[in-house]
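Residues per chain, in single letters:
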Amino acid sequence: MKIQVNILVQNKINEITQNLRHPYIPMLYCLLCFSVNLIAAQEDETQDDYNPFSMNAHIKNMHTWHGFVVHPGAIFATSLEYNSRNTKFTLGLWGGAGLTTIDVLNSNTGDYVSANYQELSIYAKYRFSENVFIEAVSHNNFTGVEERGDKLRYWSYDRDQGYNFVDLNFGLNVSKHTALYFATILGGGAGDYEIQDNGDLENSWTHYFEIKSKVWEKDDYKLSLFVGGAWSFITDKTFYTEGQGNIVNVGAALNKNINLGKMKIPAEVTAMWNPEKQKAVLQLDITIF
């Protein structure tokens, strides 16, 4: 019985071997293997579409920040980000370059010279959930540093240079439509200090708090209102205010997608009023990609 089974198995093997000698069998076999591997690769690509890097670009008619007009003319802004697989951690660079110039005073000659807006800031964000995050930003706005006669040092955070500083930020979405934002400038970077009577410099440690809420939405339009204020518990002035505290950022932002063929380009128009400086502006921000 055992001998008969072995003979049957051997005959079957011989039959398969003879079939494989047919010229089309190897080709079909290779085609089958290629198809299986291709399907497997596509499944792996579908299952793992993680891309750790991203970038975007914006065109703005001006650049505002927390009630400040950082640059009054048009700028081109870009960013480069690394995002962790679980989307909780982000490390990024944000850069801006002015398409128009401003005049700065050269301390050596006493003359006003033109300078382009230049900024390259570094930020890191960690999201505890979809509604809570913490963020650290190193703001490096070196516009006109060399033009005014100073030596450019990108990593310098000296208080008297006035263009590098770090803030620590917290964000909280209290509802689907309302978000809270709290920022603290650490130390006395970028002039965030008060000169005491004896000439000592006292760091302000400025705090900034903002509430933003979406109040209307229809079709492709979204309208949000916001209000922000700054204060210091330590000094009688802050980075944003001449006094110990004040409302510095009030306004509305309207968002809409601009349809260009099959493309949708996000655009935002922000009306901002700074009550302390009595300044009002209208900012347009268009996302290119």
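None of the values given here were measured: they were computed from a predicted structure.

Asker: What exactly am I supposed to notice about the overall build of the protein chain here?
Answerer: Looking only at helices and strands, the protein chain features two helices and 16 strands. Burial analysis of the protein chain (289 residues in total) assigns 31% to the buried set. Surface accessibility of the protein chain: about 18,100 Å² in total, with carbon and sulfur atoms responsible for 60%.

Asker: Could you clarify how one ought to interpret the pairing of strand E7 (residues 132–140) in this entry?
Answerer: For a regular strand, the rule is simple: side chains alternate between the two faces of the sheet. Judged from the six bridges that link them, strand E6 (residues 112–127) and E7 form a sheet pairing that is antiparallel. Residue pairing in the sheet places Tyr123 in a bridge with Val137 of E7.

Asker: Sorry, what's going on with the nonpolar core here?
Answerer: Most often, soluble globular proteins have nonpolar side chains that are buried together. If you look at the biggest cluster of nonpolar residues, it comprises ten residues: Phe165, Tyr181, Ala183, Ile185, Ala190, Tyr208, Ala230, Phe239, Tyr240 and Val248. Counting residues per element, this core draws most heavily on strand E9 (residues 178–186), at three residues. Every residue in contact with Tyr181, bar those within four places of it in the chain, is listed here: His66, Phe133, Glu135, Asn169, Phe170, Tyr208, Phe209 and Glu210.

Asker: Got a minute to help me understand the pattern of salt bridges in this structure?
Answerer: If the charged atoms of two oppositely charged side chains come close together, the side chains can form a pair. According to the stated counting rule, one finds three salt bridges in the structure shown. For the salt bridge of Arg148 with Asp150, the shortest nitrogen-to-oxygen distance reads 3.6 Å. Between Arg153 and Asp158 there is a salt bridge, with the nearest N and O atoms lying 3.3 Å from each other. A relative accessible area of 37% means that Arg153 is categorised as partly exposed.

Asker: Could you clarify how one ought to interpret the confidence of the model for the protein chain in this entry?
Answerer: Low-pLDDT stretches of the model should not have their predicted coordinates read in fine detail. In the predicted model, the protein chain carries a mean pLDDT of 87, and the fraction of residues at 70 or more is 84%. A low-confidence stretch, residues 2–9 (pLDDT under 50), is modelled with zero contacts involving residues beyond four sequence positions or located in other chains. When the criterion is pLDDT under 50, residues 19–31 qualifies, and its contacts beyond four places in sequence or with other chains add up to three contacts.

Asker: Is there a simple way to explain the sheet that holds strand E14 (residues 245–260) in this structure?
Answerer: The strands making up a sheet associate through backbone hydrogen bonding, with each pair oriented either parallel or antiparallel. If you walk around this closed barrel you meet the twelve strands as E1-E4-E5-E6-E7-E8-E9-E12-E13-E14-E15-E16, and the pairing is antiparallel. Pairwise comparison of adjacent strand axes, ignoring direction, gives a mean angle of 20° for this sheet. Pairing analysis gives eight bridges linking strand E1 (residues 53–60) to strand E4 (residues 75–83), with the strands arranged antiparallel. The residue bridging Ile59 from the neighbouring strand is Phe76, located in E4.

About the criteria used
Residues numbered from 1 in each chain as written. Predicted model: local features only at pLDDT ≥ 70, side-chain atom pairs only at ≥ 80, totals over all residues. Heavy atoms only, no water. Helix = DSSP H or I, 4+ residues; strand = E, 2+ residues; numbered from the N terminus. Buried < 20%, exposed > 50% of the residue type's maximum accessible area, 1.4 Å probe, protein only. Areas by Shrake-Rupley, 256 points an atom, 1.4 Å probe, with all protein chains shown as cover. Pairing = 2+ DSSP bridges. Core = buried A, V, L, I, M, F, W, Y, C linked by side-chain atoms within 4.5 Å. Contact = heavy atoms within 4.5 Å. Salt bridge = Lys/Arg side-chain N within 4 Å of Asp/Glu carboxyl O. pLDDT = per-residue confidence, 0-100. Axes fitted to C-alpha atoms, helices over the stretch in contact; angles between N-to-C directions.

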